[in-house]
Amino acid sequence: MEKKIALIHGDGIGPEIVDEAVKVLNKTADIFGHKFTYTPVLMGGIAIDETGVPLPEETVKVCKASDSVLLGAVGGPKWDKGEGKMRPEAGLLGIRGALGLYANLRPAKLLKPLAGACPLKKETTEQGLDLLIVRELIGGAYFGDKRTFTDDKGHLTAIDEMKYSDFEVERICRKAFELARKRRGFVTSVDKANVLDTSRLWREIAHKVKEDYPDIGYEDMLVDNTAMQLIRNPAHFDVIVTENLFGDILSDEASMLTGSLGMLPSASLADGEFGLYEPVHGSAPDIAGTGKANPIATILSAAMMLRFSFGMLSEADAIEKAVDKALNAGYRTADIMSEGCKLVNCTEMGGIITDGLSAEN
Ligand code: IPM
Ligand code: MN
């Protein structure tokens, strides 16, 4: 198969980790007889520097003309002072919106060799940890009207509108139920229905959707309780579906349970096959260029690309197995380093995973 991939390296460690994922993709293509072609495009801080805006039109055009998008990370202190629309993050939100990527899949799985890196008690992790957060990605507070103004009493005031319509809730809930069918068959819908109108609507729609999936287990859970249960008993969860802001926060929490934020991949999907794939972590400007970055989340994101956008299931499995193999052999980047393991840098980790790829795994 031939596939066109748009590459957004972005800022900070973005370029380093994307390079390693491309190495892995190319070897996978060789082994399985595919051809991947790449078009690099600008987004984030580097796009502000080079074109004056965080999301150039050309970038959206190239992404739309591609089969999928692989993204590193955007942002950094250099651009932190810009107003909202001129920040690198606005590029990320903009591309998600422009491509209609409403479903963000963030799997969190505790791999055996990293069990020691999980901050939870051994009795808790022994129960296992393998959950999928399905985050609504183009609605809610991140996309509502925003303004900062001085009110009539002279107080500097800011408003972020949080808004959801029925169709937005319905499509993301459907996605979650469909995904649960391919997993352990249990959906936890997370909201704050004791306080928020958007959450009460969310719950009402989620209950309607659930009628179409009698084979899938279901529960509602308040977001504050969910934050607690994730620490207390993460094995309870299979698929968690929730709105944009709650999903952002809970997915960082879940990532830590897997040992490091450097391990968590994500897929952002529209209807159909198209998707954008990126690690959950950010651009880590403090370690950019030092070789300390962990490329595994990006490599696993590339595996998700093969699975969800290209239907290449064996190929995706091969990448995931190569990652397991590297970890089982004791190779670690600094963020997941533990006693008795071999410390490697970003390029070395990418190389070890690439070398470990095989169709027979
Ligand atoms: C994420 C990030 C982004 C988000 C930021 C960088 C805009 O934190 O992908 O989780 O909040 O969605
Ligand atoms: Mn986040």
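Everything here concerns the structure above.
Quick look at the structure, then.

Scoring rules and cut-offs
Residues numbered from 1 in each chain as written. Chains lettered and ligands numbered in written order. Predicted model: local features only at pLDDT ≥ 70, side-chain atom pairs only at ≥ 80, totals over all residues. Heavy atoms only, no water. Core = buried A, V, L, I, M, F, W, Y, C linked by side-chain atoms within 4.5 Å. Buried < 20%, exposed > 50% of the residue type's maximum accessible area, 1.4 Å probe, protein only. Helix = DSSP H or I, 4+ residues; strand = E, 2+ residues; numbered from the N terminus. Domains from an automatic or database assignment. Contact = heavy atoms within 4.5 Å. Phe/Tyr/Trp six-rings, centres within 6.5 Å; stacked < 30°, edge-to-face > 60°. Lys NZ or Arg CZ within 6 Å of the ring centre and 35° of its normal. Near = heavy atom within 4 Å. Polar contact = N/O pair within 3.5 Å; in protein donor to acceptor, adjacent residues only side chain to side chain. Areas by Shrake-Rupley, 256 points an atom, 1.4 Å probe, with all protein chains shown as cover. 1 Å grid on protein atoms, 1.4 Å probe; cavity = no way out; pocket = protein on both sides within 12 Å on 5 of 7 lines; lining within 4 Å. Sits in = over half its atoms within 2 Å of the grid points. Nonpolar A, V, L, I, M, F, W, Y, C, P; charged D, E, K, R; others polar. Points joined across faces, edges and corners; volume = space filled by probe spheres on them. Pairing = 2+ DSSP bridges. Axes fitted to C-alpha atoms, helices over the stretch in contact; angles between N-to-C directions.

**Looking at the nonpolar core**
In this structure, Leu-70, Leu-105, Val-134, Ile-296, Leu-327 and Ile-353 are the most contacted members of the largest nonpolar core, which totals 62 residues. Sort the elements by how many residues they give to this core and helix 10 (residues 296-308) lands first, with 8 residues. Counting the residues that make up this core, at least three belong to each of domain 1 (1-112 + 260-361) and domain 2 (119-257). With residues near it in sequence (within four places) discarded, Leu-105 still touches Leu-132, Ile-133, Val-134, Leu-179, Pro-265, Ser-266, Ala-267, Leu-269, Met-304 and Phe-308. Among the nonpolar cores identified, the runner-up in size contains 19 residues, and Leu-120, Ile-133, Leu-230 and Phe-237 belong to it.

**Here's the deal with the packing of aromatic side chains**
Considering all chains together, one arrives at 4 aromatic pairs under this definition. An aromatic cluster of three or more residues is present, and its members are Phe-177, Tyr-213 and Tyr-218. Here the basic side chain of Arg-171 rests over the ring of Tyr-102, its NZ or CZ set 4.4 Å away from the ring centre. Over the aromatic face of Tyr-331 sits the side chain of Lys-342, whose NZ or CZ is 4.7 Å from the ring centroid.

**Some points on the site of ligand 1**
In the vicinity of ligand 1, the contacting residues are Glu-89, Leu-92, Arg-96, Arg-106, Arg-135, Tyr-142 and Asp-248. Arg-106 is positioned with one of its side-chain polar atoms (N or O) 2.8 Å from an oxygen atom of ligand 1. Interatomic distance of 2.8 Å between a side-chain N/O atom of Arg-135 and an oxygen atom of ligand 1. Taken by itself ligand 1 offers 320 Å² of open surface, and the protein chains cover 78% of this. A molecule is said to occupy a pocket when more than half its atoms come within 2 Å of that pocket's grid points, and by this definition ligand 1 occupies the second largest pocket. No other element matches the 3 residues that helix 4 (residues 88-98) contributes to the shell around ligand 1. Its residues assigned to classes, the shell around ligand 1 comprises 2 nonpolar, no polar and 5 charged.

**Some remarks on empty space enclosed by the protein**
Any empty space left between atoms is shown by rolling a water-sized probe over those atoms. Counted under the stated rule, the structure contains 1 cavity of 30 Å³ or more. Of the pockets and cavities examined, the largest cavity occupies roughly 40 Å³. Residue lining of the largest cavity: Met-162, Tyr-164, Val-190, Asp-191, Thr-198, Ser-199, Trp-202, Glu-243 and Phe-246, and that is the complete set. Of all elements in the fold, only strand 8 (186-191) and helix 7 (197-210) reach the threshold of two or more residues within the lining of the largest cavity. Element by element, the count of residues in the lining of the largest cavity is highest for helix 7, at 3 residues. Tallied by class, the residues present in the lining of the largest cavity amount to 5 nonpolar, 2 polar and 2 charged.

**Brief notes about the sheet that holds strand 5 (residues 130-136)**
With mixed pairing, the 10 strands of this open sheet are ordered in space as 2-1-3-12-11-4-5-10-8-9. Edge strands, defined here as strands with exactly one partner in the open sheet, are strand 2 (35-41) and strand 9 (217-222). Each neighbouring strand pair of the sheet contributes to a mean axis angle of 25°, computed without reference to strand direction. Bridge count between strand 4 (residues 103-109) and strand 11 (residues 265-269): 3 bridges; the pairing is antiparallel. Pairing of Asn-104 across the sheet is with Ser-268, part of strand 11. Relative to the sheet, helix 4 contacts strand 1 (2-10), strand 3 (68-73), strand 4, strand 5 and strand 12 (275-279), its axis offset from that of strand 12 by approximately 150°. Strands strand 4, strand 5, strand 8 and strand 10 (239-242) of the sheet are contacted by helix 9 (residues 244-257), whose axis makes an angle of about 155° with strand 5.

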